[in-house]
Amino acid sequence: MAQIRLDKFISERTEYTRSQIKQLAAKGSVKVDGTAVKRADVKIDPETAAVSVCGTEISAQRYRYILLNKPEGYVCSTNDNDGESVMKLVPPEMRTKNMFPAGRLDKDSLGALLITDDGGLAHRMLAPKSHVPKIYIVKLDRPFQSNYVDLFKNGVALKDNERCLPAKVKSLENTENMAFIEICEGKYHQVKRMFAALGNKVVGLHRWRIGNVELDESLEEGEFRPLTQEEIDNLVK
């Protein structure tokens, strides 16, 4: 693989700016294959070089893909203007400057959230034409109605007359007001608006799955894990 500058390699994979990397290198805090490198513009092989900054190894992987079990009270944003950002739940050594939540969950919603710096993948994944399914567990204010199945299958017309793509819905066994819903688009507050258009109200929303990426039962609220290579490959496809 073609060699690239050391500062470019680090800046693409961390939150450090190139000027910060230059300063750290001058202090001996940047190492390549265990040896301090004083110049940040040296060329390295990104696939074989072992790079560390201030003792922390920098992953050779170009992009980061993290599955977060989003807790209630956090906003899917890269800043705190509207509340505490989910990005605070990702430790600094895992973050990059271009990382963002791909596919929003409301502040009071829970569950699977993909955080990445791969904008191309996020765009393809969220595009309705890609038909990447998102599966939610919803709690309704009123009992689930059997006619919801056909109404969702035919595409729910929202109160502003915007029509959703066909979706799948079914009630949870032995419950009155719990349901699974699968959609392949991501309109603003879509699940809540779909049920509202049918005269019901979502009082709890938990995203369980994004494409082939399923929320681990062992992953507590606020915890995260990197995606496996198989999960990444399937999302890319």
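Procedures and definitions
- Residues numbered from 1 in each chain as written.
- Predicted model: local features only at pLDDT ≥ 70, side-chain atom pairs only at ≥ 80, totals over all residues.
- Heavy atoms only, no water.
- Helix = DSSP H or I, 4+ residues; strand = E, 2+ residues; numbered from the N terminus.
- Buried < 20%, exposed > 50% of the residue type's maximum accessible area, 1.4 Å probe, protein only.
- Contact = heavy atoms within 4.5 Å.
- Arc of directions from axis to C-beta.
- Pairing = 2+ DSSP bridges.
- Core = buried A, V, L, I, M, F, W, Y, C linked by side-chain atoms within 4.5 Å.
- Disulfide = S-S within 2.5 Å.

As a further point, take the side chain of Ser109. As for its position among the elements, Ser109 is in the loop between strand E8 (100-102) and strand E9 (110-116). Judged by relative accessible area, which is 1%, Ser109 ranks as buried. Setting aside residues no more than four positions away along its own chain, Ser109 makes contact with Lys70, Pro71, Glu72, Lys192 and Leu205.

To continue, consider helix H6 (residues 229-236). Within the sequence span of H6, burial applies to Glu231, Ile232 and Leu235. In a view along the axis of H6, the buried residues occupy a sector of 100 degrees, so they form one face of it. On the buried face of H6, the contacting elements are strand E7 (65-70), E9, helix H3 (119-126), strand E13 (202-210), strand E14 (213-214) and strand E15 (224-226).

On to the sheet that holds strand E6 (residues 56-58). Pairing in this open sheet of 4 strands is antiparallel, and the strands run E3-E2-E5-E6 from one edge to the other. Bordering the open sheet on either side are strand E3 (35-36) and E6, each of which pairs with just one other strand. Where strand E2 (residues 30-32) meets E3, 2 bridges bridge the pair, whose relative direction is antiparallel. If you follow Val32 over to E3, its bridge partner there is Thr35.

Let us look at the nonpolar core. Inside soluble globular proteins, nonpolar side chains tend to come together where they are buried. If you look at the biggest cluster of nonpolar residues, it comprises 31 residues, and the most contacted ones within it are Ile115, Val138, Phe152, Ile181, Val191, Met194 and Phe195. Looking at this core, the elements with two or more residues in it are E7, E9, strand E10 (134-140), helix H4 (148-153), strand E12 (178-183), helix H5 (190-197) and E13. Sequence-distant contacts of Phe195, that is, excluding residues within four places in its chain, are made with Val138, Leu140, Tyr148, Phe152, Val169, Ile181, Asn200 and Val202.

The bond known as a disulfide is covalent and runs between the sulfur atoms of two cysteines. Evaluation of the coordinates by the stated rule reveals 0 disulfides. Free of any disulfide, Cys76 has its nearest neighbouring cysteine sulfur in Cys164, separated by 19 Å. Look at Cys76 and you get buried, because its relative accessible area is 4%.

Honestly, that's just the spatial picture; any functional story needs more than this.
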